[in-house]
Amino acid sequence: MIVIETTAAVGPGFGDAGHWWDVAVPATGDTDALAQAYAHYLTMAARQSLIN
Amino acid sequence: MTGQDMNATIRLTAAQAMVRWLSVQRTDDGARFIDGVWAIFGHGNVAGLGQALHGIGDALPTWRGQNEQTMAHAAIAFAKGHGRRRAQAVTASIGPGSTNMVTAAALAHVNRLPVLFIAGDVFASRRPDPVLQQVEGFGDGTVSANDCFRPVVRYFDRITRPEHLLTALPRAMRVMTDPAECGPVCLAFCQDVQAEAYDWPEAFFAPRIWHIRRPAPDADELARAVDLIKAAKAPVIVCGGGVIHSGAEQALADFATRHAIPVIETQAGKSALPQAHPMNFGAAGVDGSAAANRAAAGADLILAIGTRLQDFTTGSRTLFDAPLIGINVQPHDAAKHGAVTLVADARVALQALTDALGDLRFAPDTDPRAAWLAAVDAHCAAPAGDGLPTDAQVIGAVQRAAPDGIAMCAAGTMPGALKLLWQAAQGGYHMEYGYSCMGYEIAGAMGLALARPDRQVLCFVGDGSYMMANSELATAVMRRIPFTVILTDNRGYGCINRLQVGCGGVPFNNMYADCNVEAQPQIDFVAHAGSMGAHAVKAPPSPICRPRSRPPAPAIFRR
């Protein structure tokens, strides 16, 4: 076993890699960061194709 | 067999009959389908099943693990490593032992992988009710703890009479060897019935071969799929785990090459094609490559082969803007996203499609693929500074050291990072990302190493997942099952912390620094693994990320 200390600050994605993931964001809260995240959530959720 | 022989019987306990029958169920190539039985005994399985397993000996070997859930993880990884062509059984006693296995049953259920759970159960006779560990239902006398398995297995049966095995066992095998219904089975085995004698037909124990069928496509479905492909300008293939379960890797490689169709990968389908295949554009979706997602977004037809179309593959249904053809042996999956269905075995379907398409070739733009792979190399290069390395840099170091190994993982940062960045050799990837179960990794690596002794198993695990379940490391040491663990310690649940912040939250209860603890932990993982007999080393940040000239020694045990 090789134990390596790593940084948690940086995720694996970079550049144009990756895509949106639907994780439900609270509709109300106390911070601007949350309000911005919720606005982005609504924008992306509206793009979902729900056809089955 | 003569009429007289057909009537011959043999007197065995129900448990003895179960293990004898399992020992003669064979694969096409003559191997036991159920390789053996992981067992932790309690009063619910030690006397009946324990005696039977001891008696059958090497004809159906028994292995002791440390935890019922993680024993099952090993069994599931074994089945996945064998492409569902072989499996293992797991047995536990009637209470916490069996409910410990429920999470693993769900894992196998989601991933469509075979495993046989033999869960001890309460007395069928009800004589000692309530027996130790019996969950009593006030309003239902038939309920036991094992009813928790019902939603998470493909077949459930409670054996309350010995002769139930005459139907239950063949049904169990049929489910585990059915390519469309494949998944876990639970036989809840009442402890008094295990020990009860019965006169069994000798013919019941005749060796039997279980052939895994390859359903051919319906002619009309095939014709509709062919018409759609011929009308397309820029189709893209989504390669799911069903390609591997079908053994269709080479068929897909040939199909993609002949027709020049880009292939993008799911977690379960990754490494069906090596990353080096010219049509492999890499991972799809949330943790997808720039080249793959660009191809997917620009496609005018998606060929979804052997995939559940999990949200990570589809960008939670925002990535594809094209109609789908669902090529799947399971109609439930084939019809998702309103797809035009092509219900068939993947290998047979690909051959049928290519027979109809002839020399049809598309002209995908392959420049983004080349640019993406160059960018991955740069992103995963050894760090120049002295700071802690990123997960990408660790992946790069392991990639350079062991390019032909099988990278495996289940939860945390590494599954997405590996799907995105690991440049797999053919068959060089094993990810449990249907259930993404923390604690799968160590035990799963053991099961995978049992299935694939020809390959170096590279178990990536974060500190969080390691802390959730690690004790099968001791089992691997005892059984001398070699694999290499790469433990990345970022002092908490780094992946979910980033998600928490990304969702507008504040860092809370994920990293140790953000938890309600009186003292920050200083967990010595080297000492911990060493105490179980594993050889462990701590890598200084910079040297581990430098390119090496040869692989690290595999799974080194203390000598």
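For clarity, every value in this text was computed on a predicted model and none was experimentally measured.

A. The arrangement of the nonpolar core in detail. Residues Met1 of chain A together with Val90, Phe117, Phe149, Tyr466 and Phe483 of chain B are the most contacted members of the largest nonpolar core, which totals 58 residues. Here this core spans two domains, since at least three of its residues come from each of domain 1 (3-209) and domain 3 (380-544) of chain B. Excluding its chain neighbours within four sequence positions, the residues that come into contact with Tyr466 of chain B are Met1 of chain A together with Ile442, Val461, Leu473, Leu487, Phe525, His528, Ala529 and Met532 of chain B. Grouped together as the second largest cluster of nonpolar side chains are 49 residues, Val236, Leu324, Cys380 and Cys409 of chain B included.

B. Structural context of the environment of Asp377 of chain B. Residues and elements named next belong to chain B. Residue position: Asp377 is located in helix H16 (residues 367-379). With 46 residues separating them along the chain, Asp377 and Gln423 place their C-alpha atoms 9.5 Å apart. At a separation of 3.0 Å, a polar atom in the side chain of Asp377 contacts the side chain of Gln423.

C. Expanded view of a nonpolar patch on the surface. Residues and elements named next belong to chain B. There is a patch of nonpolar side chains on the surface, built from Met468, Tyr493 and Ile496 and spanning about 290 Å² of accessible area. Among the secondary structure elements, Ile496 is positioned in helix H22 (residues 494-502). Look at Ile496 and you get partly exposed, because its relative accessible area is 43%.

D. Just the packing of helix H19 (residues 441-451) of chain B against helix H21 (residues 472-479) of chain B, in detail. Residues and elements named next belong to chain B. Orientation of H19 relative to H21, taken along the N-to-C sense of each, is 30 degrees, at an axis distance of 8 Å. Judged on the interaxial angle alone, H21 and H19 are roughly parallel. The two elements H19 and H21 meet at a crossing, and its hand is left-handed. Across from Ile442, Ala443, Met446 and Leu450 in H19, the residues of H21 making contact are Glu472, Leu473, Thr475, Ala476 and Arg479. Partitioning the contact of H19 with H21 into residue classes produces six nonpolar, one polar and two charged.

E. Seen up close, the sheet that holds strand E16 (residues 340-343) of chain B. All names here are of chain B. Read across the sheet, six strands follow the order E13-E12-E11-E14-E15-E16 without closing on themselves; strand pairing throughout is parallel. Every interior strand has two partners, whereas the edge strands, strand E13 (280-283) and E16, have only one. On average, each strand axis in the sheet is inclined to that of its neighbour by 20 degrees, with strand direction left out of account. Two strands pair when backbone bridges link them, and strand E11 (residues 235-239) and strand E12 (residues 263-265) are joined in this way by three bridges, in the parallel orientation. Bridge pairing in E12 places Cys239 opposite Glu265. Strand contacts of helix H9 (residues 219-231): strand E14 (301-305), strand E15 (324-328) and E16, with the helix running at about 125 degrees to E16, the strand carrying the most contacts.

F. Highlighting the state of the cysteines. Residue and element names in this part refer to chain B. Inspection of the entire model under this criterion finds zero disulfides over all chains. Left without a disulfide partner, Cys186 is nearest to the cysteine sulfur of Cys148, which lies 10 Å away. Cys495 takes part in no disulfide bond, and the closest cysteine sulfur, belonging to Cys409, lies 10 Å away.

G. Summary view of the domain arrangement of chain B. Residues and elements named next belong to chain B. Domain boundaries in chain B define domain 1 (3-209), domain 2 (219-369) and domain 3 (380-544). A C-alpha centroid distance of 30 Å is found between domain 2 and domain 3. Each partner contributes residues to the interface: domain 2 has 17 residues there, and domain 3 has 16 residues. Buried area between domain 2 and domain 3, both sides added, is near 1300 Å², and the carbon and sulfur share of it is 54%. Taken as a group, Gln267, Lys270 and Ser271 account for 47% of the area that domain 2 buries against domain 3, more than any other trio of residues on that side. Taken together, the connections running from domain 2 to domain 3 amount to one salt bridge. Ionic pairing is found between Lys419 and Asp287, a salt bridge with its closest N-O pair at 2.6 Å. Where domain 2 meets domain 3, there are 13 residue pairs in polar contact (both at pLDDT 80 or more). Class assignment of the residues belonging to the side of domain 2 that touches domain 3 gives a composition of five nonpolar, seven polar and five charged.

H. Summary view of unusual backbone geometry. Residue and element names in this part refer to chain B. In this structure, the amide linkage connecting Asp129 to the following residue, Pro130, adopts the cis form with an omega of -10 degrees. Looking at where Pro130 falls in the secondary structure, it is placed in the loop between strand E6 (115-121) and strand E7 (155-159). Notably, Arg126 is not glycine yet its phi reads approximately 65 degrees, a positive angle. Of the residues examined, Arg126 reaches a relative accessible area of 45% and is grouped as partly exposed.

I. Quick peek at the interface of chain B and chain A. With 55 residues of chain B at the contact, the number on the chain A side is 35 residues. Contact between chain B and chain A buries roughly 3800 Å² in total, counting both sides, with carbon and sulfur atoms accounting for 64%. The largest share of the area that chain B buries against chain A comes from Arg317, Thr318 and Cys503 of chain B, three residues that together contribute 15% of it. The interface formed by chain B and chain A contains one salt bridge. For Glu5 of chain A, the salt bridge is made with Lys538 of chain B, and the minimal N-O distance between the two is 2.5 Å. At the boundary of chain B and chain A, one finds 24 residue pairs in polar contact (both at pLDDT 80 or more). Among the elements that take part in the side of chain B that touches chain A, strand E20 (residues 484-489) of chain B stands out by supplying six residues, more than any other.

J. Broad picture of helix H15 (residues 346-357) of chain B. Residues and elements named next belong to chain B. Taking 1.5 Å per residue, twelve residues should reach 16 Å; H15 reaches 16 Å between its end C-alpha atoms and fits that length. Looking at H15, one finds that the buried residues are Ala346, Ala349, Leu350, Ala352, Leu353, Thr354 and Leu357. On its buried side, H15 packs onto H9, helix H10 (241-245), helix H11 (249-259), E14, E15 and E16. Capping of H15 at its N-terminal end is provided by Asp345; its side-chain oxygen lies 3.1 Å from the backbone amide nitrogen of Arg347. Where H15 terminates, the next one or two residues include Gly358, which has phi positive at roughly 60 degrees.

K. Examining the environment of Val526 of chain B more closely. Within the secondary structure, Val526 of chain B sits in helix H23 (residues 525-531). When sequence neighbours within four positions are dropped, the list of residues in contact with Val526 of chain B reads Val3 of chain A together with Ala536, Val537 and Lys538 of chain B.

L. Molecular detail of H21 of chain B. All names here are of chain B. In terms of burial, H21 is largely enclosed, as six of its eight residues are buried. Looking only at H21, the buried set comprises Glu472, Leu473, Ala474, Thr475, Ala476 and Val477. Arg480 occupies a position one or two residues after H21 and carries a positive phi of about 55 degrees.

M. Structural context of the pattern of salt bridges. All names here are of chain B. Here the structure, examined in full by the defined rule, presents 18 salt bridges over all chains. Arg214 is paired through a salt bridge with Asp345; the nearest N and O atoms lie 3.0 Å apart. With Arg214 in the loop between strand E10 (208-209) and H9 and Asp345 in the loop between E16 and H15, the pair connects residues that are 131 residues apart, well separated along the chain. Note on Arg214: relative accessible area 32%, which makes it partly exposed. Salt bridges linked by common partners bring Asp121, Asp147, Arg150 and Arg158 together as one network.

Cut-offs used in this document
Residues numbered from 1 in each chain as written. Chains lettered and ligands numbered in written order. Predicted model: local features only at pLDDT ≥ 70, side-chain atom pairs only at ≥ 80, totals over all residues. Heavy atoms only, no water. Core = buried A, V, L, I, M, F, W, Y, C linked by side-chain atoms within 4.5 Å. Buried < 20%, exposed > 50% of the residue type's maximum accessible area, 1.4 Å probe, protein only. Domains from an automatic or database assignment. Contact = heavy atoms within 4.5 Å. Helix = DSSP H or I, 4+ residues; strand = E, 2+ residues; numbered from the N terminus. Polar contact = N/O pair within 3.5 Å; in protein donor to acceptor, adjacent residues only side chain to side chain. Patch = residues over 30% accessible without salt bridge, like charges linked within 9 Å, V, L, I, M, F, W, Y side chains within 5 Å. Areas by Shrake-Rupley, 256 points an atom, 1.4 Å probe, with all protein chains shown as cover. Salt bridge = Lys/Arg side-chain N within 4 Å of Asp/Glu carboxyl O. Axes fitted to C-alpha atoms, helices over the stretch in contact; angles between N-to-C directions. Parallel < 35°, antiparallel > 145°, perpendicular 65-115°, else oblique. Left-handed = near helix turned anticlockwise from the far one by under 90°. Nonpolar A, V, L, I, M, F, W, Y, C, P; charged D, E, K, R; others polar. Pairing = 2+ DSSP bridges. Disulfide = S-S within 2.5 Å. Buried area = accessible area lost by both parts, 1.4 Å probe. Expected span 1.5 Å × (residues − 1).

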